[in-house]
Amino acid sequence: PATDQPAVDSSDKVLNDLIDVILSNLAEDRSEVRQMATALAYNLVLACTQDFVPSGPWKAAAESSDMNAHALQLLCGCLEGLSNEKDRTVRIRRLTIACRICRTYSTAVGSLLNDLGFSDSLQILKADADITPP
């Protein structure tokens, strides 16, 4: 049991580093870098949510009925500055990531997004008829 602890810390560190890379590249000037970051983020979200249920590394938080910290970071990172995103592909991917996380954590996320001031981003999602979930 004591030998299992470093593996958990190592896995968590890898996820922390991955989230840091994704979020820092979402702020890049070049659209192709932002596209790469959103593709990586979407693949991570797909791996951590099966049938809109937390799985893999996000499953432990689901068992305690809390939203996974990495999911929260990705959600906020994808919604932050969304109204200023000029690249259509990046915008759609960011919204798709946010939608998948919202569906997965539907009970915890609604009031949280309003409390954090992301209601404008939700209005974009509602108003943009071109955005459909994959």
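Refer to the structure printed above.
The following paragraphs examine the structure supplied in this document. What you see is a predicted model, and the numbers here were worked out from it, not measured in a lab.

### A short note on the pattern of salt bridges
Piece 1. The final tally for this structure, using the stated rule, is four salt bridges.
Piece 2. For Glu 32, the salt bridge identified is with Arg 30, shortest N-O distance 2.9 Å.
Piece 3. In this structure, Glu 85 engages Arg 94 in a salt bridge whose closest nitrogen and oxygen atoms are separated by 3.2 Å. For the residue pair Glu 85 and Arg 94, the accessibility class agrees, reading buried in each case.
Piece 4. Counted as one network, the salt bridges with shared partners bring together Arg 34, Glu 85 and Arg 94.

### Remarks on the nonpolar core
Piece 1. The biggest cluster of nonpolar side chains holds 27 residues, and the ones touching the most others in it are Trp 58, Leu 74, Leu 75 and Ile 101.
Piece 2. Contributions of two or more residues to this core are made by α1 (4-26), α2 (31-48), α4 (69-79), α5 (88-104) and α6 (106-115).
Piece 3. Excluding its chain neighbours within four sequence positions, the residues that come into contact with Leu 74 are Ile 19, Ile 22, Ala 41, Leu 44, Val 45, Trp 58 and Ile 101.

### Notes on the environment of Asn 25
Piece 1. In this structure, Asn 25 sits in helix α1.
Piece 2. Note on Asn 25: relative accessible area 17%, which makes it buried.
Piece 3. For Asn 25 and Met 36, which are 11 residues apart along the polypeptide, the C-alpha to C-alpha distance reads 8.2 Å.
Piece 4. Contact partners of Asn 25, with chain neighbours within four places excluded, come to Val 33, Arg 34, Met 36 and Ala 37.

### With respect to the packing of aromatic side chains
Piece 1. As enumerated under the stated definition, the model contains one aromatic pair in all.
Piece 2. Summarising the aromatic geometry, the rings of Trp 58 and Tyr 105 are spaced 6.4 Å apart at their centres and angled 50° between planes, so their arrangement reads as tilted. In this pair, Trp 58 sits in the loop between β2 (53-54) and α3 (59-63) while Tyr 105 sits in the loop between α5 and α6, placing the two residues 47 residues apart along the sequence.
Piece 3. A residue is classified by how much of its surface remains accessible, and Tyr 105, at 6% relative accessible area, is buried.
Piece 4. For the cation-ring pair, Arg 100 lies above Phe 52, with the distance from its terminal atom to the ring centre recorded as 4.6 Å.

### Re the environment of Cys 102
Piece 1. In this fold, Cys 102 is placed in helix α5.
Piece 2. Here the alpha-carbon distance between Cys 102 and Phe 52, two residues 50 residues apart in the chain, equals 9.0 Å.
Piece 3. Apart from residues lying up to four places away in sequence, Cys 102 is in contact with Leu 75, Val 109 and Leu 113.

Rules behind the numbers
Residues numbered from 1 in each chain as written. Predicted model: local features only at pLDDT ≥ 70, side-chain atom pairs only at ≥ 80, totals over all residues. Heavy atoms only, no water. Salt bridge = Lys/Arg side-chain N within 4 Å of Asp/Glu carboxyl O. Buried < 20%, exposed > 50% of the residue type's maximum accessible area, 1.4 Å probe, protein only. Core = buried A, V, L, I, M, F, W, Y, C linked by side-chain atoms within 4.5 Å. Helix = DSSP H or I, 4+ residues; strand = E, 2+ residues; numbered from the N terminus. Contact = heavy atoms within 4.5 Å. Phe/Tyr/Trp six-rings, centres within 6.5 Å; stacked < 30°, edge-to-face > 60°. Lys NZ or Arg CZ within 6 Å of the ring centre and 35° of its normal.

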